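Residue-level listing of the chains:
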Amino acid sequence: MLAETIESRFIFKKEISNLSVIDDGEGHRLAFTVSDSGNNVIFTKDIEGIDVAIEHCADGTKVFHMEKDSKGLPAMHEFKPDGTELIYLFDGEKRLEKMVEMKINGDKVTTWFSSKGETITQEQRQQGGILFRMQSFDREALVWLHADGSIDAHGSELLINHLTNVFAKFLDGAM
């Protein structure tokens, strides 16, 4: 559900209409529109000629929609007024693959989305250690690596085993 909501916000996945366009004498073009949610959007190109849409939200949030990032795939960067930054990375079909949230306090939450509807989250906290979480349709698991090196695990054994395999370098055989 979260992935679909984020994907629906990605400007380069939508049909864009009602554009006002300005061309200068040097061949540069800016286009302007208002999104369905009432946000102002400016379309331009970056220094490499990649299409970029800059969305200005009423709450002060700025969202940069990029047709292609440095890897050639679509991406979105959201900067919130509280200093939180969210990065959304899409695949070639513009489906959300990964989301990274960097909070002002230094905490970082990375979420991977699978085509099967599963999510895996790694939450690196400045205090409290690292939480690894996996959610499947009817199962959930949590592995918590505390700052002192101890580990707690709860939930589906199958998912716990998957998390310990995926994040083995963090857990270092502690389980």
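If you're wondering where the values come from, they're calculated on a predicted model, not measured in any experiment. What you see as residue numbers is a count from 1 along each chain, following the sequence as written. Whole-chain, interface and lining totals are the exception, using all residues; otherwise, since this is a predicted model, local features are given only for residues with pLDDT of at least 70 and side-chain atom pairs are given and counted only at 80 or more. The side-chain values count all of the structure's non-hydrogen atoms but skip hydrogen atoms and water molecules.

### Observations concerning the overall build of the chain
To be explicit about the condition: Helical segments are the DSSP runs of H or I of at least four residues, strand segments are the runs of E of at least two, and each set is numbered from the N terminus. Radius of gyration here is computed from C-alpha atoms only, and the compact-globule reference equals 2.2 Å multiplied by the residue count raised to the power 0.38. Only protein chains enter the calculation, and the probe is 1.4 Å; a residue is then buried if its accessible area is under 20% of its type maximum, exposed if over 50%, and partly exposed in between. We call two residues contacting when some pair of their heavy atoms lies within 4.5 Å. Throughout, the Shrake-Rupley method with a 1.4 Å probe supplies accessible areas, and for residues the shown protein chains are the sole cover considered. The sign given to each residue is positive for Lys and Arg and negative for Asp and Glu; His and the chain ends receive no count. Here the site of a charge means NZ on Lys, CZ on Arg, CG on Asp, or CD on Glu.
From N to C terminus, the chain includes 3 helices and 13 strands. Relative to the globule expectation of 16 Å for 175 residues, the C-alpha radius of gyration of the chain, 20 Å, shows a markedly less compact shape. Taking the principal axes of its C-alpha atoms as reference, the chain extends roughly 65 × 30 × 30 Å. Here the chain, with 175 residues, has 37% of them falling under the buried criterion. Within the chain, counting contacts between residues at least 6 apart in sequence, those at least 24 apart form 18% of the total. Approximately 10700 Å² of the chain is accessible, and the part contributed by carbon and sulfur atoms is 51%. Computing the positive centroid from 19 side-chain charges and the negative centroid from 30, the chain places the two 2 Å apart.

### Remarks on the nonpolar core
Nonpolar side chains tend toward joint burial in soluble globular proteins. To keep things clear, this is the line we draw: In these notes, a set of buried Ala, Val, Leu, Ile, Met, Phe, Trp, Tyr and Cys residues joined through side-chain atoms within 4.5 Å is what counts as a nonpolar core.
Ile-6, Phe-43, Met-76, Tyr-88, Phe-90 and Leu-96 are the most contacted members of the largest nonpolar core, which totals 18 residues. Per-element accounting of this core gives the leading share, 3 residues, to strand β7 (residues 85-90). Ignoring any residue separated from it by four or fewer positions in sequence, one finds Met-76 in contact with Ile-6, Arg-9, Phe-10, Val-63, Phe-64, His-65, Met-66, Leu-86, Ile-87, Tyr-88 and Phe-90. Membership of the second largest hydrophobic core comes to 12 residues, among which are Ile-120, Ala-141, Ile-160 and Leu-163.

### Some remarks on the packing of aromatic side chains
The condition that has to hold: Pairing of aromatic rings covers Phe, Tyr and the six-membered ring of Trp, with a centre-to-centre limit of 6.5 Å; geometry is then stacked below 30 degrees between planes, edge-to-face above 60, and tilted otherwise.
Inspection of every chain in the model, using the stated rule, returns 8 aromatic pairs. Seen from their ring centres, Phe-10 and Phe-12 are 5.9 Å apart, and the 70° between their planes marks the pair as edge-to-face. A relative accessible area of 15% places Phe-12 in the buried class. Between Phe-167 and Phe-170, the aromatic rings sit 6.3 Å apart at their centres with planes inclined by 55°, giving tilted as the arrangement. When its relative accessible area of 28% is taken as the criterion, Phe-170 is described as partly exposed. Taken together, the aromatic side chains of Phe-10, Phe-12, Phe-43 and Phe-90 make up a single cluster linked through ring pairs.

### Focus: the pattern of salt bridges
Where charged atoms from two side chains of opposite charge approach closely, those side chains can pair. In plain terms, the rule: A side-chain nitrogen of Lys or Arg and a carboxyl oxygen of Asp or Glu constitute a salt bridge if their distance falls within 4 Å.
Tallying each qualifying case throughout the model produces 9 salt bridges. Between Asp-51 and Lys-45 there is a salt bridge; the shortest N-O distance is 2.6 Å. Classification of Asp-51 as partly exposed rests on a relative accessible area of 23%. Of the charged contacts in the structure, one is a salt bridge between Arg-125 and Glu-123, with a shortest N-O distance of 3.0 Å. For Glu-123, a relative accessible area of 12% gives the class buried. Among the charged side chains, a network of salt bridges with common partners joins Arg-9, Glu-78 and Lys-80.

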